[in-house]
Amino acid sequence: MPQDPEKHPEHEQLPHYDVKELAVLSELSDDHYANRLKRIQNKEGFVCDMDGVIYHGSKLLPGVKEFISFLQRENKKFLFLTNNSAPTPRELSQKLHRLGLDITEDHFYTSAMATASFLKTQKPNGGTAYVIGEPGLTYALYEAGFTMSEVDPDYVVVGEGNSHNFEKITRAVNLVLKGAKLIGTNPDVNGPTEFGIMPATGAFVAAIELATGKKAFYCGKPSSLIMRYAASILGTKKDETCIIGDRMDTDILAGTYAQIDPVLVLSGVTNKHNLFNEAYRPYIVLNGVGELAKTSASASE
């Protein structure tokens, strides 16, 4: 039987199932599974998550290089859509370059960029925001015409980061109580790293919500908002597009909301124990993205 721990930060701990087991996890017959796998491979557009799909922290996941080669070789349209608001597209491009992948900046879109785009529709002439997050978020907001302020801002915006602390959360609570609108870049409460599971934006926003009694508005997955932004960049029709991710509550739900086929990989947060917790289902379940390239290679032989 494959290893299947609750947390699998190291490559050797990643679960690996054969095709028949994956068909069972997808709740499909063997033939139906094979047909769906081929249909995904033949899609024109691919929206792909990053954390838990492409890498864990600074570790590239198995099969990713083959998957990228498949996308480029077959002239697929693809966009890396991440709920991580911390990095800029340039930083993501540079990170993948360090991991051995050459992908240009225009292939990346983050929840920070979606948040900035949304707030710009709310305040076209610019506004003010108190931000708890990293440079990728503040840069996106600056680009949208917003300035940073700790005094009566229009919004409190919370994103990913390693420097969140009690003082910042306390300030955010009091600003929201004074009338600032609470915005979360993404609702993820945790995420995978090479060291294990870490708390994410949703966990910190929850503290502010509980302390203020105010609900946050989220711009990242599974919001239909970020999916519409992604679709406009990708330029493909719904039935020719899929979304690949490791989370049921963001990636798979985002695909369900957007009516594009959601592909679940078991290289991140979701495993066989929590796969069936939700009422919605992925279109198909894979061990990892590399299996799309393997299928392509075997189909062409």
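Above: the structure in question.
Reading guide: rules and limits
- Residues numbered from 1 in each chain as written.
- Predicted model: local features only at pLDDT ≥ 70, side-chain atom pairs only at ≥ 80, totals over all residues.
- Heavy atoms only, no water.
- Salt bridge = Lys/Arg side-chain N within 4 Å of Asp/Glu carboxyl O.
- Helix = DSSP H or I, 4+ residues; strand = E, 2+ residues; numbered from the N terminus.
- Buried < 20%, exposed > 50% of the residue type's maximum accessible area, 1.4 Å probe, protein only.
- Contact = heavy atoms within 4.5 Å.

Brief notes about the pattern of salt bridges
Under the counting rule described, the total for this entry stands at 13 salt bridges. In this structure, arginine 171 and glutamate 150 form a salt bridge, with 3.6 Å as the shortest nitrogen-oxygen distance. You can see arginine 171 sitting in helix α7 (residues 166-177) and its partner glutamate 150 sitting in the loop between β7 (147-148) and β8 (155-158), a full 21 residues away along the chain. For the salt bridge of aspartate 251 with lysine 221, the shortest nitrogen-to-oxygen distance reads 2.7 Å. On the criterion of sequence distance, the pair formed by aspartate 251 in helix α10 (residues 248-258) and lysine 221 in the loop between β12 (217-218) and α9 (224-234) is long-range, its members being 30 residues apart.

Quick look at the side chain of threonine 88
Examined against the element boundaries, threonine 88 turns out to sit in the loop between β4 (77-82) and α4 (89-98). Of the residues examined, threonine 88 reaches a relative accessible area of 15% and is grouped as buried. Not counting residues within four places of it along the chain, the set of residues in contact with threonine 88 comprises Gly136 and Tyr139.

Re the environment of valine 19
Locating valine 19 in the fold gives a position in helix α1 (residues 19-25). Remark: the alpha-carbon pair of valine 19 and valine 285, spanning 266 residues in sequence, is separated by 9.9 Å.

A closer look at unusual backbone geometry
In this chain, lysine 221 is followed by proline 222 through a cis amide linkage whose omega measures 15°. Here proline 222 shows up in the loop between β12 and α9. The backbone of aspartate 152 sits at a positive phi, close to 45°, despite the residue not being glycine. When you line up the elements, aspartate 152 lands in the loop between β7 and β8. Residue classification places aspartate 152 among the exposed residues on the basis of a relative accessible area of 58%.

Coordinates in, geometry out; function isn't part of it.
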